[in-house]
Amino acid sequence: ETGVTQTPRHLVMGMTNKKSLKCEQHLGHNAMYWYKQSAKKPLELMFVYNFKEQTENNSVPSRFSPECPNSSHLFLHLHTLQPEDSALYLCASSQDRAPSGGETQYFGPGTRLLVL
Amino acid sequence: DAKTTQPPSMDCAEGRAANLPCNHSTISGNEYVYWYRQIHSQGPQYIIHGLKNNETNEMASLIITEDRKSSTLILPHATLRDTAVYYCIVRVADGSQGNLIFGKGTKLSVKP
């Protein structure tokens, strides 16, 4: 257990559906992240939130919409996805984004998404 | 692109030390070396990180060469549960640019 939980663990959705992924961290961290891991590809950073403010969006299509209502919760809203969006979506958190170099990210177990 | 080079796979006998190498010849003075691992179908797990001194924790030891162009992660007594993909990452110590960029890692197989 890393202190980062994600729900659901598995999700199957059609291309016209709207669904949301949820991430919650119990570590008192201030920064949260969404990553995508497609089959046989490295992890790709999608979004970064620091103190509830989005600080990075790595050219992610608008069909992925993040939401961070507070420092403990992070959502990823999904709509009109494509089959190529099928992947493992991972949430992570860290204490902050301070330039200390000692930031460590703790990952959740991920949501395995299949888009039909 | 990842700034590190790792062998794609390695085998290790159970109970023996696993030594995982990583080359980061273009590392800058303000970049840390991080190691994470990912067991199949789980999220990555932090192992250890360092700047220039060798580091040790309850999971592993990190040996960084004096010129900082390479490092070795050591699992002193590998178990079957250590079978995973191990990622070596260099990260700028800058709050705005300190992203973890994962490469393909080394798939470590611990065998009985």
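The sections below set out a description of the structure shown in this document. (Residues numbered from 1 in each chain as written. Chains lettered and ligands numbered in written order. Predicted model: local features only at pLDDT ≥ 70, side-chain atom pairs only at ≥ 80, totals over all residues. Heavy atoms only, no water.)

## Section: the environment of B:Tyr87
(1) Moving on: Considering the arrangement of structural elements, one finds B:Tyr87 in strand E8 (residues 84–92).
(2) Moving on: Look at B:Tyr87 and you get buried, because its relative accessible area is 5%.
(3) Moving on: Along the sequence, B:Tyr87 and B:Phe102 sit 15 residues apart, while their C-alpha atoms lie 6.7 Å from each other.
(4) Moving on: If we skip the residues at most four places from it in the chain, B:Tyr87 touches A:Gln37, A:Leu43, B:Gln6, B:Tyr34, B:Trp35, B:Tyr36, B:Gln38, B:Phe102, B:Gly103, B:Lys104 and B:Gly105.
(5) Moving on: For B:Tyr87, the side chain forms a polar contact with the side chain of B:Gln38, separated by 3.3 Å. (Helix = DSSP H or I, 4+ residues; strand = E, 2+ residues; numbered from the N terminus. Buried < 20%, exposed > 50% of the residue type's maximum accessible area, 1.4 Å probe, protein only. Contact = heavy atoms within 4.5 Å. Polar contact = N/O pair within 3.5 Å; in protein donor to acceptor, adjacent residues only side chain to side chain.)

## Overview of unusual backbone geometry
(1) Moving on: In this chain, A:Thr7 is followed by A:Pro8 through a cis amide linkage whose omega measures -10°.
(2) Moving on: Along the chain, A:Pro8 falls in the loop between strand E1 (4–7) and strand E2 (10–13).
(3) Moving on: Phi is positive for A:Ser59, close to 55°, though the residue is something other than glycine.
(4) Moving on: Relative to the helices and strands, A:Ser59 is located in the loop between strand E6 (53–57) and strand E7 (64–70).
(5) Moving on: Positive phi, normally seen in glycine, also occurs at B:Ser41, with a value near 65°.
(6) Moving on: Within the secondary structure layout, B:Ser41 lies in the loop between strand E3 (31–38) and strand E4 (45–50).

## Here we look at the packing of aromatic side chains
(1) Moving on: Inspection of every chain in the model, using the stated rule, returns 11 aromatic pairs over all chains.
(2) Moving on: A ring pair is formed by A:Phe107 and B:Tyr36, whose centres lie 5.9 Å apart and whose planes are at 85°; its orientation type is edge-to-face. Placement of A:Phe107 in strand E10 (residues 106–107) and of B:Tyr36 in strand E3 is noted, with the two residues assigned to different chains. One exposure class covers both A:Phe107 and B:Tyr36, and it is buried.
(3) Moving on: Consider the rings of A:Phe107 and B:Phe102, whose centres lie 6.0 Å apart with planes at 85°: the pair is edge-to-face. Of this pair, A:Phe107 sits in strand E10 while B:Phe102 sits in the loop between E8 and strand E9 (106–111), on two different chains. (Phe/Tyr/Trp six-rings, centres within 6.5 Å; stacked < 30°, edge-to-face > 60°.)

## So, the state of the cysteines
(1) Moving on: One pass over the full model with this rule turns up 2 disulfides over all chains.
(2) Moving on: The disulfide partner of A:Cys23 is A:Cys91, and the S-S distance across this bridge is 1.9 Å. When the S-S torsion is -70°, as for the bridge of A:Cys23 with A:Cys91, the disulfide is left-handed. Here A:Cys91 lies in strand E9 (residues 87–94) and A:Cys23 lies in strand E3 (residues 18–25), a separation of 68 residues in the sequence. Each member of the pair, A:Cys23 as well as A:Cys91, is classed as buried.
(3) Moving on: Linked covalently through their sulfurs, B:Cys22 and B:Cys88 form a disulfide whose S-S length is 2.1 Å. The chirality of the disulfide connecting B:Cys22 with B:Cys88 is left-handed, given an S-S dihedral of about -80°. (Disulfide = S-S within 2.5 Å.)

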